[in-house]
Amino acid sequence: MDKLNAQRVPRRVLGSLLSGISAGVVPRSGAPYIAIGRTAEIRALTEDLDRVAEGGSAMRLLIGRYGSGKSFMLQLLRSRALELGFVTADADLSPERKLSGAGGLATYRELSRNLACKAAPEGGAWPILLSRFVTDASESAPGNLSEGEYREFIRRAVADRLRPMLAEVGGFDCASVISRWCGAYLDDDEEKMNACVRWLRGEYNNKTEARQAIDVRTLSVIDDQNWYSALRLMGAFVRAAGQKGLLVLIDECVNLYKISHRVSRDANYEKILSMYNDTLQGVTQGLMIVLGGTPRFLEDTRRGLFGYEALRSRLADARFTEEGSTSLVNMHSPVIRLRRLSDNELYALCLRLRALHAQYYGTAEAVTDGETEAFLREEMDRVGAEEMITPREVIRDYVTLLDLLHQNPGTQFADVVRTALAAAAPPDEETVVELGEFEL
């Protein structure tokens, strides 16, 4: 803990982190400060990033119950990727955001809105990436060129860098828009630059509107049918812009499981199959996709991914790793199942939260090590806690305990815990209502 105390977390980040986790959500920044355990999972995902940085591609499914840490792992991976020089894009699926049909474009727009790089970690990175792209293209320009010669040099350099994108579906349109943005950048035409960024974000509803704004006669638009092709083009562009690759994080995939119409649900699963094949067959380069979902989303043979035979045969556990056949874990599998944190890891997590809470409010740590052990013992003594308790429940309860002690000076740990235990205790024998006998 000495190392943590010596590391001062920015107050803005720390405040967002504490308020987020106490409400049961994971903020977009601050996840690395409470990273405890998950060593094998983090190592496996980092190895995937290394492979993508070398020009490969990867896809993973993070599977765990609600509160088990899926969203936390995604945000932790996002932070790690930004540090390594990747571009990230993340989105949560919902009834309005899907992978296929009506809702595909909404997902792309959310991913594009959250596009982030090291210089823009909170999102909105398209203008920065485009500026970096032009700057890199102009670095090798001779110093004695006239204005016309310089513009011609930039045009050729941009065309050379965009040439690999032409092999992709929709590559000509995307390359044309990026070239138009570069020309507008040299002309200092802010309106044309904004119009090009709008196209890249998928914000035009029809071709006519896009063609008038960008002045490309044959320009199409990104829609519900071709958004995944645009996502692949985004991955190709970020590498052309000097980044190591594109990391796409899609959480709350259980919303696909909730689709009642089978044809629509299978269409979304077909899109996952396309992503899986493209990334693991090496069709794409510099792209990593991570999906987060619950065990039911994966394993339900009627409505889950295992109900779609092509995915079941790819994602089902192999014979040597089936549950009960071995205690070993294969982190090279496309599916990573999040295990429950050990008691020692939960204890270390509580100590970390205690130190961060005291740092934020500038006070002494309100709970001792022994009291933290007592808190965890009470949490684990609940019926079914050994298998069912999640980090979200422990974090929320512990931070709430720290907040109560901070907001009520003079209150002791034992007083708060005793009150909670009394409220949760079973009723006295005198208050039990006797039910008469009955027959079915």
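Conventions adopted
Residues numbered from 1 in each chain as written. Predicted model: local features only at pLDDT ≥ 70, side-chain atom pairs only at ≥ 80, totals over all residues. Heavy atoms only, no water. Pairing = 2+ DSSP bridges. Helix = DSSP H or I, 4+ residues; strand = E, 2+ residues; numbered from the N terminus. Axes fitted to C-alpha atoms, helices over the stretch in contact; angles between N-to-C directions. Contact = heavy atoms within 4.5 Å. Salt bridge = Lys/Arg side-chain N within 4 Å of Asp/Glu carboxyl O. Buried < 20%, exposed > 50% of the residue type's maximum accessible area, 1.4 Å probe, protein only. Patch = residues over 30% accessible without salt bridge, like charges linked within 9 Å, V, L, I, M, F, W, Y side chains within 5 Å. Areas by Shrake-Rupley, 256 points an atom, 1.4 Å probe, with all protein chains shown as cover. Lys, Arg positive; Asp, Glu negative; His and termini not counted. Charge placed at Lys NZ, Arg CZ, Asp CG, Glu CD. Parallel < 35°, antiparallel > 145°, perpendicular 65-115°, else oblique. Nonpolar A, V, L, I, M, F, W, Y, C, P; charged D, E, K, R; others polar. Polar contact = N/O pair within 3.5 Å; in protein donor to acceptor, adjacent residues only side chain to side chain.

Visitor: When you look at the sheet that holds strand β2 (residues 87–92) in this model, what are you seeing that I'm missing?
Guide: What links the strands of a sheet is backbone hydrogen bonding, and the strands pair in either a parallel or an antiparallel sense. Pairing in this open sheet of five strands is parallel, and the strands run β2-β3-β4-β1-β5 from one edge to the other. Sheet topology places β2 and β5 (335–337) at the edges, where each strand pairs with a single neighbour. With direction set aside, neighbouring strand axes in the sheet form an average angle of 15°. Pairing between strand β1 (residues 57–63) and strand β4 (residues 287–293): seven bridges, direction parallel. In the strand pairing of β4, arginine 60 is matched with valine 290. In the packing of helix α5 (residues 104–113) onto the sheet, contacts are made with β2 and β3 (246–251), and the angle to β2 comes to roughly 135°.

Visitor: Explain the pattern of salt bridges to me, please; I cannot follow it from the model alone.
Guide: Opposite charge on two side chains allows them to pair when their charged atoms are near. Scanning all chains against the criterion turns up 24 salt bridges. Its salt-bridge partner being arginine 198, residue glutamate 209 comes within 3.7 Å of it at the nearest N-O pair. With glutamate 209 in helix α10 (residues 207–214) and arginine 198 in helix α9 (residues 190–200), this residue pair connects regions lying eleven residues apart in the sequence. On the basis of relative accessible area, arginine 198 is assigned to the partly exposed category, the value being 31%. A salt bridge links aspartate 266 to arginine 262, with the nearest nitrogen and oxygen atoms 3.7 Å apart. Taken as a pair, aspartate 266 and arginine 262 lie in helix α13 (residues 262–280) at a separation of four residues, close to a single helical turn.

Visitor: What is the right way to look at a negative patch on the surface in this model?
Guide: Taken together, Asp188, Asp189, Glu190 and Glu191 make up a surface patch of like negative charges. For aspartate 189, the position within the fold is in the loop between α8 (171–187) and α9. Take aspartate 189: its relative accessible area is 32%, and that puts it in the partly exposed class.

Visitor: Hey, could you run me through the pairing of β4 in this one?
Guide: Note on strand geometry: in a regular strand, side chains alternate between the two faces of the sheet. With seven of its seven residues buried, β4 lies for the most part within the structure. Neither face of β4 is exposed, since Leu287, Ile289, Leu291 and Gly293 on one face and Met288, Val290 and Gly292 on the opposite face are all buried.

Visitor: Mind showing me how you'd approach the packing of helix α6 (residues 126–138) against helix α11 (residues 227–240) here?
Guide: Closest axis-to-axis distance for the α6/α11 pair is 9 Å, and the angle between their directions is 45°. Taken together, the axes of α6 and α11 are oblique relative to one another. Between α6 and α11, the residues in contact are Trp126, Leu129, Leu130 and Phe133 and Met234, Phe237, Val238 and Ala240, respectively. In terms of residue class, the contact of α6 with α11 is built from eight nonpolar, no polar and no charged.

Visitor: In this structure, what is going on with the side chain of aspartate 90? I would like to understand it.
Guide: Assignment of secondary structure puts aspartate 90 in strand β2. A polar atom in the side chain of aspartate 90 sits 2.6 Å from the side chain of arginine 28. Setting aside its immediate chain neighbours within four residues, aspartate 90 contacts Arg28, Gln75, Arg78, Glu110, Leu111, Asn114 and Leu249.

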